[in-house]
Amino acid sequence: KGMALPPRIVFPSEKICMDWQQRQRPGAGLFNLGNTCYINVILQCLTYTPPLANYLLSNKHSQSCQQQGFCMMCTMEAHVRKVLCSSASAILPGAVLRDLKFVGEEFEYGRQENAYDFLRCTLNAMHRACLSGHHDLDVSSQETTIIHQIFGGFMKSRVTCLSCQAVVDSYKAFLDVSLDIRVASSLTTVLEDCVTPKQLDHKECFRCSKCKKKAAASMRVTVHRAPRVLTLCLERADQRTGTKISKFVEYPEYLDLRPYMSDTAGEPLLCSLYAIVVHSGDTCLEGHFLCYTKASNGLWYKMDDESVDSCDIHTVLGQQAYLLFYAR
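Bear in mind that the values here come from a model prediction, so they are computed numbers and not experimental data.

S.K.: Describe empty space enclosed by the protein, and please don't skip the residues or the numbers.
M.R.: Tallying each qualifying case throughout the model produces one cavity of 30 Å³ or more. Here the largest cavity defines a volume of roughly 30 Å³. Lining the largest cavity are Trp-20, Gln-24, Arg-25, Pro-26, Gly-27, Tyr-48, Leu-84, Ala-295 and Ser-296. When its residues are assigned to classes, the lining of the largest cavity shows five nonpolar, three polar and one charged.

S.K.: Any chance you could break down the sheet that holds strand E3 (residues 153-161) for me, citing the residues and the numbers?
M.R.: With antiparallel pairing, the four strands of this open sheet are ordered in space as E4-E3-E9-E6. If you trace the sheet from one side to the other, it starts and ends with strand E4 (167-174) and strand E6 (198-199), each paired once. Pairing analysis gives two bridges linking E6 to strand E9 (residues 217-225), with the strands arranged antiparallel. Residue pairing in the sheet places Gln-199 in a bridge with Ser-218 of E9.

S.K.: Break down the pairing of strand E14 (residues 300-304) for me, citing the residues and quoting the values.
M.R.: Pairing analysis gives four bridges linking strand E13 (residues 288-294) to E14, with the strands arranged antiparallel. Along E14, the bridge assignment pairs Cys-291 with Met-303. Hairpin connection from E13 to E14: five residues lie between these consecutive antiparallel strands, with Gly-298 at a positive phi of about 85°. Strand direction decides the pairing type here: E14 and strand E15 (residues 307-311), joined by five bridges, are antiparallel. Each bridged residue has a counterpart across the sheet, and for Met-303 the counterpart in E15 is Val-308. Connecting the antiparallel pair E14 and E15 is a turn made up of two residues, with Asp-305 showing a positive phi of about 55°.

Here is what the cut-offs are and how they apply
Residues numbered from 1 in each chain as written. Predicted model: local features only at pLDDT ≥ 70, side-chain atom pairs only at ≥ 80, totals over all residues. Heavy atoms only, no water. 1 Å grid on protein atoms, 1.4 Å probe; cavity = no way out; pocket = protein on both sides within 12 Å on 5 of 7 lines; lining within 4 Å. Points joined across faces, edges and corners; volume = space filled by probe spheres on them. Nonpolar A, V, L, I, M, F, W, Y, C, P; charged D, E, K, R; others polar. Pairing = 2+ DSSP bridges. Helix = DSSP H or I, 4+ residues; strand = E, 2+ residues; numbered from the N terminus.

The following block contains the structure:
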């Protein structure tokens, strides 16, 4: 509604299966080769993303891949299979470490990096791999790869002229959402603030096509199309001071996205928490990353590099979360 349909579809959304097709105990942990915890947590969270794991375990990408040299989809396919099918308690994510520069030019082996940056670069590298062999696609068609069909959604920005009430809508695709938690106590209060209309200041003056002049305006941002997997980053680095925001922000096991949608009427849009990333350390430039993921057997596990230990949902919900992964 309000958006034009893409002329071509790279991957049909109806082929995505949101429930695990294989149920088993959790897979192997991942060895840390010195400051590689930021890589390990993202690989584990993606491994336990059901629609992505289902697709990668089907080998459908590698069977038709025409990419010369490095392919992030083929790399992830091999990695997920190795983790979930290995009898070893821990494995080395060797292929990812070896080709780190192809995932993102800014990553340097042995140097502590940010898990959120690695997530974004990994998803973009997988998205690019899905477009290999597809030529002359417009932007909207490019946003129909399996990566966008799983993690992608659309935000709607509505600017309203406060003089004549004329509206201008624009839409933007996203693979994740970054949230300012400085004054928030819970995820729901952050999201409520996000969708509250904000008055544009004079520097961002809006030229109204109906009034034919610059006018005061307000802008409201809503989720126009919800992703199948919602990835949220609770910004832990204070942009002004550079210090780490170490407070606890409450987040639910089940999140209803309906109140934050462009269309708030209708059935609840429920998402279930299945993975979180936690950063421990006094500053954002050092410390350690670990994660908690829900395996295909429905149980939660704390994954700290090579160790994989069972835990309960109360432990998961009591963490100082950095990244949250919710599945529809």
